[in-house]
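Summary of the model geometry
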Amino acid sequence: MEKGPFSVEWLAQSSRGGSGSRESSADLGESHPSARARGPGHEAEAGGGAVPGRPRTKFSAAQLQELERSFREQRYIGASEKRRLAAVLNLSQSQIKTWFQNRRMKFKRQTQDAR
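Residues numbered from 1 in each chain as written. Predicted model: local features only at pLDDT ≥ 70, side-chain atom pairs only at ≥ 80, totals over all residues. Heavy atoms only, no water.

A word on the overall build of the protein chain. For the protein chain, the helix and strand inventory stands at 6 helices and 0 strands. Reading the helices (α) and strands (β) of the protein chain from amino to carboxyl end gives α-α-α-α-α-α. Within the protein chain, the proportion of its 115 residues that are buried is 18%. For the protein chain, contacts bridging at least 24 residues in sequence account for 39% of all contacts bridging at least 6. (Helix = DSSP H or I, 4+ residues; strand = E, 2+ residues; numbered from the N terminus. Buried < 20%, exposed > 50% of the residue type's maximum accessible area, 1.4 Å probe, protein only. Contact = heavy atoms within 4.5 Å.)

Have a look at this one:
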């Protein structure tokens, strides 16, 4: 079978970190668009996906208590409840939405592990 850039062998090798025909960011040079977009000092971090410059939100015990209470009542938050929680807890609506998404995933993992 052919070892082209989209063959099964190529994908398997690239997912293992094989050296095949993959280019490193150093090999790309400044002419590659992704190399220019990152710029110096913006290497990928182990955590990945985080927006540079945005620190992780640390919720207070009181905020977590209120968020957990609201989650126990209803796993999916509506717009009015999101606005209310954001105002009461001094958080953004986006932070509330993200917390609920993450909490649903945690709940899903816990229920799957219990089986």
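So, next bit.
With that out of the way, let us pick up the packing of helix 5 (residues 79–89) against helix 6 (residues 93–114). One can describe the packing of helix 5 onto helix 6 by two numbers: an axis separation of 8 Å at closest approach and a directional angle of 110°. By the angle class used here, helix 5 and helix 6 are roughly perpendicular. The chirality of how helix 5 crosses helix 6 is right-handed. Mapping the contact onto sequence places Lys82, Arg83, Leu85, Ala86 and Leu89 in helix 5 and Gln93, Ile96, Lys97 and Phe100 in helix 6. Its residues placed into classes, the contact of helix 5 with helix 6 shows 5 nonpolar, 1 polar and 3 charged. (Axes fitted to C-alpha atoms, helices over the stretch in contact; angles between N-to-C directions. Parallel < 35°, antiparallel > 145°, perpendicular 65-115°, else oblique. Left-handed = near helix turned anticlockwise from the far one by under 90°. Nonpolar A, V, L, I, M, F, W, Y, C, P; charged D, E, K, R; others polar.)

In this structure, Leu67, Phe71, Leu85, Ala86, Leu89, Leu91, Ile96, Trp99 and Phe100 together form the largest nonpolar core, which totals 9 residues. Looking at this core, the elements with two or more residues in it are helix 4 (61–73), helix 5 and helix 6. (Core = buried A, V, L, I, M, F, W, Y, C linked by side-chain atoms within 4.5 Å.)

What follows is about the environment of alanine 79. Counting through the fold element by element, alanine 79 comes out in helix 5. Between the C-alpha atoms of alanine 79 and glutamine 93, which are 14 residues apart in sequence, the distance is 8.8 Å.

Two numbers describe how helix 4 lies on helix 5: the axes approach to 11 Å, and their chain directions differ by 165°. When the interaxial angle is binned, helix 4 and helix 5 end up roughly antiparallel. The way helix 4 lies across helix 5 gives a crossing that is right-handed. Every residue of helix 5 that contacts helix 4 at Gln63, Glu66, Leu67, Arg69 and Ser70 is listed here: Glu81, Arg84, Leu85 and Leu89. Partitioning the contact of helix 4 with helix 5 into residue classes produces 3 nonpolar, 2 polar and 4 charged.

Turning next to the confidence of the model for the protein chain. Mean pLDDT over the protein chain works out to 76, with 56% of the residues at or above the 70 mark. Low confidence marks residues 19–45, where pLDDT is under 50. Its contacts with residues over four positions away, or in another chain, come to 12 contacts. (pLDDT = per-residue confidence, 0-100.)

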